[in-house]
Amino acid sequence: MTSQLLDRYRPSAAFAGGLAAPFPEFCSCGPAVRYSCGHCWHDQCLDCGFCAVEGCVCHCTLGFTPGEPPTTGPEFWLGAHHPRWLATVGLPLMVSRRSLNGRRSLPRAAEAWVLDSGGFTELSLNGGWHQVPAHVYARDIARYRDEIGRLTWAAPQDWMCEDQILAKTGLTVREHQARTVGNYLDLMAIDPTLDIIPAVQGQTVADYEHCLTLYDRAGINLRDAPLVGVGSICRRQNTAEAAAIIATLHGHGLRLHGFGLKLDGLAQSADHLTSADSLAWSRDARWNPPIEGHTHVSCSNCLHWALRWRERVLTVLHAPRQMTLPTSL
C-alpha cells in the first residue's frame, strides 16, 4: 500500500510537461481510487491539478508533495480529528470512534485507515466502558468497515494503566490488564470476522510481561497475532522506559503497534515496531502560532499543520537509529 502513496500525490502524466492535457472536468472514479487517477470530483487547481476545495489537499497551498514512508520500518498512521479527512486526505489515518459515533452518514475512505477505540478519553470521563458495551462497539466496527470501507484494523476497548486513569477507575493495574484481555475475548466471541488487534497494558516491563501471560492462559498466543498494540506508553515522560518496554515485547516475538508515540519515542523504537500512530501534531500546534497566512487562532485542527508534522515523522523514520536493547529481569 505505502509504495503507491507517492504516485497518488503526483500530478498525472498530463502535467509532466506543463498543462498540455488538462484533467477532465468531472471525475467518475470512486472514492477509493480518485487520487490514483490524478484528480478528484471537486474543483481542481489549475497549477498542480489537485483539489482546491477547503478540506482536500491542494499542493499549491500545502507547498510540498506528501512524502512516502520508508520501505522498511514501521507503517505510520496519522491521527485525525475529522472523519471527513478519510475521504479527502488520501494518506493512512487513525480516526477515533468518538469522532464517528452518532453520525448518520459516513465518508467513504480514499485510503486505508485504522480505528482507535477512544479508550483514554472514555476512561477519563466515565471511569470505564459502562456506556459502550462490547456488543455496541463490535456493531460500530462492522458499520465503519462496511460503510466507510478500507478499514485495516480496530483497536480493542483496552484499559490504560496511567496513574490518572487508575485514580479515575479506582482499580489496580492487574485488574485493568484482566479487563483488557477479557474485552478482546468478548469482542472475538461476538464477531470473529472483525479485524481487532489485541493490546497489552501495564506500567513496568514486568507488568507487560504479566499481560502476555494472561493472554497465554486464555489460549491466545500473541506471537501468532498479525499485530499487537502497546498501550499506556504515549504519555510517559521517560521515553527510554517506553523504548525498553517495546524492545522487551519485541524480543518475545511480537509484531507491535505503538499507540500514540511522539517523535522521540518513534526515533528510539522504530526498529522494534511494525506500525505506530500519533495525534501529537495537534498538541504541538496548540502551543505554537498558526501557520503564516492561516486565519484561525490555532492550527490544532489544521490539515496543513498535520501534514507538515507528518513530514517530520517521516524524516525520523528515514534516519539511522541506535537500537534499544530489551530489559532483562
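Residues numbered from 1 in each chain as written. Predicted model: local features only at pLDDT ≥ 70, side-chain atom pairs only at ≥ 80, totals over all residues. Heavy atoms only, no water.

K.L.:
Which residues make up the sheet that holds strand 1 (residues 75-80), and what are the values?
P.N.:
The strand order across the open sheet formed by eight strands is 4-3-2-1-8-7-6-5, and the pairing between neighbours is parallel. A strand with exactly one partner marks an edge of an open sheet, and here the two such strands are strand 4 (151-154) and strand 5 (199-200). Two strands pair when backbone bridges link them, and strand 3 (residues 113-116) and strand 4 are joined in this way by three bridges, in the parallel orientation. Note on strand 4: the bridge partner recorded for Leu-115 is Ala-154. In the packing of helix 13 (residues 303-318) onto the sheet, contacts are made with strand 1 and strand 8 (275-278), and the angle to strand 1 comes to roughly 160°. (Pairing = 2+ DSSP bridges. Helix = DSSP H or I, 4+ residues; strand = E, 2+ residues; numbered from the N terminus. Contact = heavy atoms within 4.5 Å. Axes fitted to C-alpha atoms, helices over the stretch in contact; angles between N-to-C directions.)

K.L.:
Account for helix 13, with residues named and values stated.
P.N.:
Here helix 13 contains 16 residues, and its C-alpha end-to-end distance of 22 Å stays within 8% of the 22 Å for a straight helix at 1.5 Å per residue. When helix 13 is considered as a whole, its buried residues turn out to be Leu-303, His-304, Trp-305, Ala-306, Leu-307, Trp-309, Arg-310, Val-313, Leu-314, Val-316 and Leu-317. (Expected span 1.5 Å × (residues − 1). Buried < 20%, exposed > 50% of the residue type's maximum accessible area, 1.4 Å probe, protein only.)

K.L.:
Please give an account of the pairing of strand 2 (residues 93-96) that cites residues and values.
P.N.:
In strand 2, alternate side chains face the same way, and those of Leu-93 and Val-95 on one face and Met-94 and Ser-96 on the other are all buried. Where strand 1 meets strand 2, three bridges bridge the pair, whose relative direction is parallel. Residue pairing in the sheet places Gly-79 in a bridge with Met-94 of strand 2. Of the strand pairs in this sheet, strand 2 and strand 3 are connected by four bridges, and their pairing is parallel. When the sheet's bridge partners are listed, Val-95 is paired in strand 3 with Leu-115.

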